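Listed below are the residues making up each chain.
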Amino acid sequence: MYYGLGLFWDPTYFLVIIGMLLCLGASALVNSTMNKYSKVRNMSGLNGAEAARRILNNEGLYNVQVECIQDKKGDHYDPRTNTVRLSYQNYHNPSVTAVGVAAHECGHAIQHARGYAPLNIRSALVPVVNIGSSIGMPLILIGVLLSWNQTLIQIGIWAFALTVLFQLVTLPVEFNASRRAVQRVEKYGLLTEAESTGCKKVLRAAAMTYVAAAASSALQLLRLVLLFGGNRRRDD
């Protein structure tokens, strides 16, 4: 009898490989694009912090703070504290990338202030997804080891499916934040027309990382269903 080897040595593993390639390609694209436009100084001379503050003030969001963090990949908006957090480079650098990233995070702040439904749904899913992502795979493995206990396996698959659902809900949130970012950049004259084109490229590349992550998780879920979703057990 064997119960766990199929998780690693199975023809469906090509689904995982496809997902990995999608994520690697998206990561390479966003790194290349952001690096390129991080070297392009914008004509207004605004760094990310100044761009963010200008957008937030113009939107009446004076209560939203802008902070600098040391993590290079830590740009985010924290709805719990109403804070836009930018990496050191994007906070201080007067580049097209810095303005684009700052505007995107401000887009999330605007979503929060306007009660954007998908953002609220994503926020509500966070605690559930954290639990699901932690117990999904262990439950599947335990179920397989316990003579293909379908109850545990099905609970594990559904728990993992929550991660996929979260990433699918994330897509409209991220795309909408980028759309809001571009609108504000152009409305408040933060970048020239040519620079705005570069900003759009940066935001599109960043959005592809979320698409790739969602696709990768969906492929992994499909693999789990194919491997463990049936009422069967593996025999020699």
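Residues numbered from 1 in each chain as written. Predicted model: local features only at pLDDT ≥ 70, side-chain atom pairs only at ≥ 80, totals over all residues. Heavy atoms only, no water.

Colleague: Which residues make up the packing of aromatic side chains, and what values do they have?
Modeller: Overall, the coordinates contain 1 aromatic pair when judged by the stated rule. Taking 5.4 Å as the distance between ring centres and 45 degrees as the angle between the ring planes, the aromatic pair formed by Trp148 and Phe228 counts as tilted. One end of the pair, Trp148, is in the loop between helix H5 (117-145) and helix H6 (150-187); the other, Phe228, is in helix H7 (residues 193-228), and 80 residues separate them in sequence. Accessibility expressed as a relative area gives 6% for Trp148, which makes it buried. Arg180 extends its terminal NZ or CZ atom over the ring of Tyr116, reaching a point 5.4 Å from the ring centre. (Phe/Tyr/Trp six-rings, centres within 6.5 Å; stacked < 30°, edge-to-face > 60°. Helix = DSSP H or I, 4+ residues; strand = E, 2+ residues; numbered from the N terminus. Buried < 20%, exposed > 50% of the residue type's maximum accessible area, 1.4 Å probe, protein only. Lys NZ or Arg CZ within 6 Å of the ring centre and 35° of its normal.)

Colleague: Which residues make up the environment of Cys68, and what values go with them?
Modeller: Here Cys68 is to be found in strand E1 (residues 65-69). Looking at Cys68, the relative accessible area reads 29%, which means it is partly exposed. Sequence spacing of Cys68 and Gly25 is 43 residues, and the spatial spacing of their C-alpha atoms is 29 Å. If we ignore the near neighbours within four places in the chain, the residues touching Cys68 are Leu86, Ser87, Tyr88, Tyr91 and His92. (Contact = heavy atoms within 4.5 Å.)

Colleague: Tell me what's going on with unusual backbone geometry, and back it up with residues and numbers.
Modeller: Here the phi dihedral of Asn82 falls at roughly 50 degrees; this positive angle occurs in a residue that is not glycine. Within the secondary structure, Asn82 is located in the loop between strand E2 (76-78) and strand E3 (83-87). Judged by its relative accessible area of 23%, Asn82 falls in the partly exposed class. Located in the positive-phi region is Trp148, a residue other than glycine, with phi close to 55 degrees.

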